[in-house]
Amino acid sequence: MKKLFVTLLCVLCALTLVGCTSKVEEPVEEVKEPVAATGTYTVYNMTGALVTELYLYEAGAAEKGENLAGEGLKNTKSVTLTYEGTEETVLCLEFNYEGGEAQKFETLHIEEAPITLKSVDEAAGATAIAFAQPEGTGHYAITNNTGADVTELYMYAEGSEDKGTNYAETAIANGASYDLEFNGKYGVNYVLEWVAGSDEARNFPTLHIEDASIELLSIDAAAGATNIKFGW
């Protein structure tokens, strides 16, 4: 019996040693597939000059790809750029304008964002771009040729419920002009709305921040056409 007990004990020790020397399997780390994503950027040229080169490419790439400025992006104008990548993609935005030197922003991520291209002077000591929609002041020389006094005149962003200031609180007589200055954002449509005499309110819905001469027309003159005329 004693011999059998010793034999069993040896077997148990051997099994224990085998278990101790067995390798512990490491957990297999799950490899995540890159998640596809699209970057969308509305780029505003606020350099003060014609942008002649505009590129959007993966940071570190040897090729810049197509010149997205085409025949040139005028000052204060905008263009929408898209890039198909993944959530981890890092992009370089490069641009140049007449009389300037190439500017780069090399840590652009896949996102939806407005981008303002700055002039060299404005960008001095900082980045060449700003993640913001640029603001400015529109100047509109408005002449009332409706045939009646204009008693209401508004300029507001399309879709806004607040018309803001009535610029014709002091009536604008027929044949008279009014210089309207309006602060707003580039890339936004603005509505010019007015009431002349006993007519119903009329409007022109696609103005932008710019310098323009505008003639308000009578209902007869505007029949079958727009309510306003640019220049006179």
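This text goes with the structure placed above it.
Conventions used here
- Residues numbered from 1 in each chain as written.
- Predicted model: local features only at pLDDT ≥ 70, side-chain atom pairs only at ≥ 80, totals over all residues.
- Heavy atoms only, no water.
- Helix = DSSP H or I, 4+ residues; strand = E, 2+ residues; numbered from the N terminus.
- Buried < 20%, exposed > 50% of the residue type's maximum accessible area, 1.4 Å probe, protein only.
- Contact = heavy atoms within 4.5 Å.
- Core = buried A, V, L, I, M, F, W, Y, C linked by side-chain atoms within 4.5 Å.
- Salt bridge = Lys/Arg side-chain N within 4 Å of Asp/Glu carboxyl O.
- Pairing = 2+ DSSP bridges.
- 1 Å grid on protein atoms, 1.4 Å probe; cavity = no way out; pocket = protein on both sides within 12 Å on 5 of 7 lines; lining within 4 Å.
- Points joined across faces, edges and corners; volume = space filled by probe spheres on them.
- Nonpolar A, V, L, I, M, F, W, Y, C, P; charged D, E, K, R; others polar.
- Axes fitted to C-alpha atoms, helices over the stretch in contact; angles between N-to-C directions.

Describing the overall build of the chain
And then number 1: The helix and strand inventory of the chain stands at three helices and 14 strands.
And then number 2: Evaluated residue by residue, the chain yields a buried proportion of 34% over its 232 residues.
And then number 3: For the chain, the share of sequence-separated contacts (at least 6 apart) that also reach a separation of at least 24 residues comes to 60%.

A few points about the nonpolar core
And then number 1: Tyr 140, Leu 153, Met 155, Leu 192 and Ile 214 are the most contacted members of the largest nonpolar core, which has 24 residues in total.
And then number 2: At the level of secondary structure, the elements contributing two or more residues to this core comprise β1 (36-46), β8 (135-145), β9 (150-157), β10 (177-185), β11 (190-196), β12 (202-207) and β13 (211-217).
And then number 3: Counting residues per element, this core draws most heavily on β11, at four residues.
And then number 4: Residues in contact with Leu 153, not counting those within four places in the same chain, are Ile 142, Thr 165, Asn 166, Tyr 167, Ala 168, Ile 172, Tyr 178, Leu 180, Leu 192, Glu 193 and Trp 194.
And then number 5: Core analysis: the next-biggest nonpolar cluster, separate from the first, contains 22 residues, Val 43, Tyr 83, Phe 95 and Phe 105 among them.

Remarks on the pattern of salt bridges
And then number 1: Throughout the structure, instances matching the rule amount to three salt bridges.
And then number 2: The salt bridge involving Lys 64 is made with Glu 94; its shortest N-O contact spans 2.8 Å. Taken together, the residues Lys 64 in the loop between β2 (51-58) and β3 (78-86) and Glu 94 in strand β4 (residues 90-97) connect sequence positions 30 residues apart.
And then number 3: Glu 94 sits in the buried class, given a relative accessible area of 5%.

Here we look at the sheet that holds strand β6 (residues 112-118)
And then number 1: The strand order β3-β1-β6-β7 describes an open sheet built from four strands, whose pairing is mixed. Two strands lie at the open edges of the sheet, namely β3 and β7 (129-130), each paired on one side alone.

A word on the layout of surface pockets
And then number 1: As a volume, the largest pocket reaches approximately 200 Å³.
And then number 2: Residue lining of the largest pocket: Tyr 44, Thr 76, Lys 77, Ser 78, Lys 185, Tyr 186, Gly 187, Val 188, His 208, Ile 209 and Glu 210, and that is the complete set.
And then number 3: Of the residues assigned to the lining of the largest pocket, the class counts are four nonpolar, four polar and three charged.

Structural notes on the sheet that holds β11
And then number 1: Pairing is antiparallel across the open sheet formed by three strands, whose spatial order is β9-β11-β12. This sheet does not close on itself; its edge strands, each paired only once, are β9 and β12. Here the strands of the sheet are splayed against their neighbours by 15° on average, with no regard to which way each runs.
And then number 2: Judged from the four bridges that link them, β11 and β12 form a sheet pairing that is antiparallel. Paired with Glu 193 across the two strands is Asn 203, which belongs to β12.

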